[in-house]
Each structure stands twice: as C-alpha cells, then as structure tokens.
Amino acid sequence: MKKQWIITPAAIILIIVGLILMANKPIRNKVIESRTNQHQIENVTKEQIKENTEAPATFNADEIKPVSTDDVIANTFTKNESSFLTVAGIAIPELNMNLPIYKGLDSTSLMYGAGTMKENQTLGHGNYALASHHVFGSNGGNLLFSPLTRAKVGMYVYVTDKTNVYTYRITSIDNVTPDRSDLIEDTDKTELTLVTCTDAEAKYRIIVKAEYVSQESYENSDNNVKQAFKYQYSIPWW
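Residues numbered from 1 in each chain as written. Predicted model: local features only at pLDDT ≥ 70, side-chain atom pairs only at ≥ 80, totals over all residues. Heavy atoms only, no water.

## Points about the overall build of the protein
Here comes step 1: Within the protein, the regular secondary structure consists of four helices and eight strands.
Here comes step 2: Listed N to C, the secondary structure of the protein is α-α-α-β-β-β-β-β-β-β-β-α in terms of helices and strands.
Here comes step 3: Sequence-distant contacts in the protein: of pairs separated by 6 or more residues, those separated by 24 or more amount to 69%. (Helix = DSSP H or I, 4+ residues; strand = E, 2+ residues; numbered from the N terminus. Contact = heavy atoms within 4.5 Å.)

## Quick word on the layout of surface pockets
Here comes step 1: A volume near 620 Å³ is recorded for the largest pocket.
Here comes step 2: Among the elements of the structure, strand 7 (191–197) and strand 8 (205–217) are those that each provide at least two residues to the lining of the largest pocket.
Here comes step 3: It is strand 7 that provides the largest number of residues to the lining of the largest pocket, a total of three residues.
Here comes step 4: Grouping the constituent residues of the lining of the largest pocket by class yields 18 nonpolar, six polar and six charged.
Here comes step 5: Its volume calculated, the second largest pocket comes out at about 250 Å³.
Here comes step 6: Around the second largest pocket, the lining comprises 13 residues; the ones closest to its centre are Thr53, Val87, Gln121, Thr122 and Tyr128.
Here comes step 7: If you list the elements that add at least two residues to the lining of the second largest pocket, you get helix 2 (46–54) and strand 1 (86–92).
Here comes step 8: Here the lining of the second largest pocket is composed, by residue class, of five nonpolar, four polar and four charged. (1 Å grid on protein atoms, 1.4 Å probe; cavity = no way out; pocket = protein on both sides within 12 Å on 5 of 7 lines; lining within 4 Å. Points joined across faces, edges and corners; volume = space filled by probe spheres on them. Nonpolar A, V, L, I, M, F, W, Y, C, P; charged D, E, K, R; others polar.)

## Overview of the sheet that holds strand 6 (residues 164–176)
Whether parallel or antiparallel, the strands of a sheet pair through hydrogen bonds between backbone atoms.
Here comes step 1: Ordered in space as 1-2-3-4-7-8-6-5, the eight strands form a closed barrel in which the pairing is mixed. Each strand axis lies, on average, 30° off the axis of its neighbour in the sheet, ignoring direction.
Here comes step 2: The pairing of strand 2 (residues 97–102) with strand 3 (residues 114–116) spans two bridges and is parallel. In the sheet register, Tyr102 faces strand 3, and the bridge partner there is Gly115. (Pairing = 2+ DSSP bridges. Axes fitted to C-alpha atoms, helices over the stretch in contact; angles between N-to-C directions.)

## Observations regarding the environment of Met155
Here comes step 1: Mapped onto the elements of the fold, Met155 is located in the loop between strand 4 (127–131) and strand 5 (156–160).
Here comes step 2: Residue Met155 is classed as buried on the basis of its relative accessible area, which comes to 8%.
Here comes step 3: For the pair Met155 and Ala210, spaced 55 residues apart in sequence, the C-alpha to C-alpha distance is 8.8 Å.
Here comes step 4: Ignoring anything within four residues of it in the chain, the contact list for Met155 reads Glu94, Leu95, Arg150, Tyr168, Arg169 and Ile170. (Buried < 20%, exposed > 50% of the residue type's maximum accessible area, 1.4 Å probe, protein only.)

## A look at unusual backbone geometry
Here comes step 1: Phi is positive for Asn96, which is not a glycine, with a value near 50°.
Here comes step 2: Mapped onto the elements of the fold, Asn96 is located in the loop between strand 1 and strand 2.
Here comes step 3: The class of Asn96 is partly exposed, set by a relative accessible area of 44%.
Here comes step 4: In this structure, Lys162 takes a positive phi of about 70° despite not being glycine.
Here comes step 5: A relative accessible area of 14% places Lys162 in the buried class.

## A look at the confidence of the model for the protein
If pLDDT is low for a region, its predicted coordinates should not be looked at in detail.
Here comes step 1: Scored by pLDDT, the protein comes out at a mean of 85, with 80% of its residues at no less than 70.
Here comes step 2: The secondary-structure element of the protein with the lowest mean pLDDT is helix 3 (residues 69–78), recorded at 64, while strand 5 shows the highest, at 98.
Here comes step 3: Note on residues 11–22: pLDDT under 50 across the span, and two contacts to partners over four residues away in sequence or across chains. (pLDDT = per-residue confidence, 0-100.)

## Quick word on the nonpolar core
Here comes step 1: Counting residues in each nonpolar core, the largest one holds 32 residues, and the members touching the most others are Ile90, Ile101, Leu130, Val159, Leu192 and Leu194.
Here comes step 2: Where this core is concerned, the elements lending two or more residues are strand 1, strand 2, strand 4, strand 5, strand 6, strand 7 and strand 8.
Here comes step 3: Here this core gets four residues from one element, more than from any other, and that element is strand 1.
Here comes step 4: Sequence-distant contacts of Leu194, defined by excluding residues within four places in its chain, comprise Ile90, Ile92, Leu130, Phe145, Leu148, Ile206, Ile207 and Val208. (Core = buried A, V, L, I, M, F, W, Y, C linked by side-chain atoms within 4.5 Å.)

In structure tokens form, the structure reads like this:
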C-alpha cells in the first residue's frame, strides 16, 4: 500500500516563509535595478541637472546605514521622485557600472546611485568624492558600488553632467577604516575618490582613487563612452 503524504497547515506556513526568505534579496535587487535605471544620466535633461545642482541637499554620512530589503521596498513608496537630485552620471565600462550621481549624501539616495560627499565639490576640480552602497548576496555584487571589489589599477572611469565628460584613470585601491575622512579632502591633485563598504557590518571601506586624465564635450565624446552611459542593469532573479 502506497504511503500518502499529508501537508499540515504548519508545513504550508513553513514553505511560504521559506519562499519569502528566498525571494527577499532578489526582490531588493530588482527594486534597486529599476530605480537606478530610471535615474541614469541618459534619462535626465540638462535643465533638470541645472535645477538639481542649485537645489539644497543633505550631507549626513553619520545617518547612512547598510542597505536592507525592508528599507529599499519601503522607500519605493515613500521617497518623492523630485527629491532624487541627479546631477551627473558615473560609468566604468569594464565593470558594467552606470550609476546616477545624486547631490548630497543620505541613506535613501545611496540605495539607487552614488552621492556627492562634499557640498561644494565640482567636476573636474579638486577631489570629486562619491559614496554608494555595497550590496551583498544573491547577485547584488553587480549593483551600486559593489563592482569596485573587482576594480583594477588602470581602468578608466567616466563622469558626465551631459555638458562635459571627465575621464579619470584608477591609480589605487585600498581598504581603510571608516575614520579616514582625510582621503576625500581636497589636495593639490585633480582626482576622483570612490568609497564603499568592504563588509556587511561596514567595519572597513574600499577607497578607489583615480587621477584626472581629460575633459571633452559630451556631444563630441567617443561613441563607446556615450554607450557606457546608456548601459542598463538587468540582474538575474536567482
């Protein structure tokens, strides 16, 4: 006589909970992917960039916390689109990175792009410093600044405000403690500094330094560079 398998209500609940937990990070990734693509520089006009550049913004690194699924989903419904102040875009073709750059530094904006770390920093001048989240687990390594773990010295980084394209070349990649604020301060160099966490507990930071190479108009820039700013994310579910 064949055995009959009986699924109890408790077993059904456990199965449902297990499925929800399995889908947790993939859902987070898809929400990040969608909003990142939406705010990329390709989808922002020069007029919007000018308005965003002149708008007031928050610079509060102390309030930034690691990205979580609950926060990502909650902010999808509560964050007003007009509060995302896209002022530029950053692309690293060799890492398949193409992110919006927001004016300011707040926990919500960093869920979908990079934030400017100093209030008066200007592209092509001084130390242009940017921060974003490192996304852990379930294909998250392709989102936000997570790809910086694969960065190599010599890679080119492009930053644009749709008026000009600024080219930088990576010169160093280091892991440091969070107190190294001196690394984002201006020196006598024209450079780019990219900052993200190395671990989920945010005990250390990855610091990518890139030296200024050149500046040219957005319209006259190389077609491969323009294509880098058109790259859109498509993260697998599993």
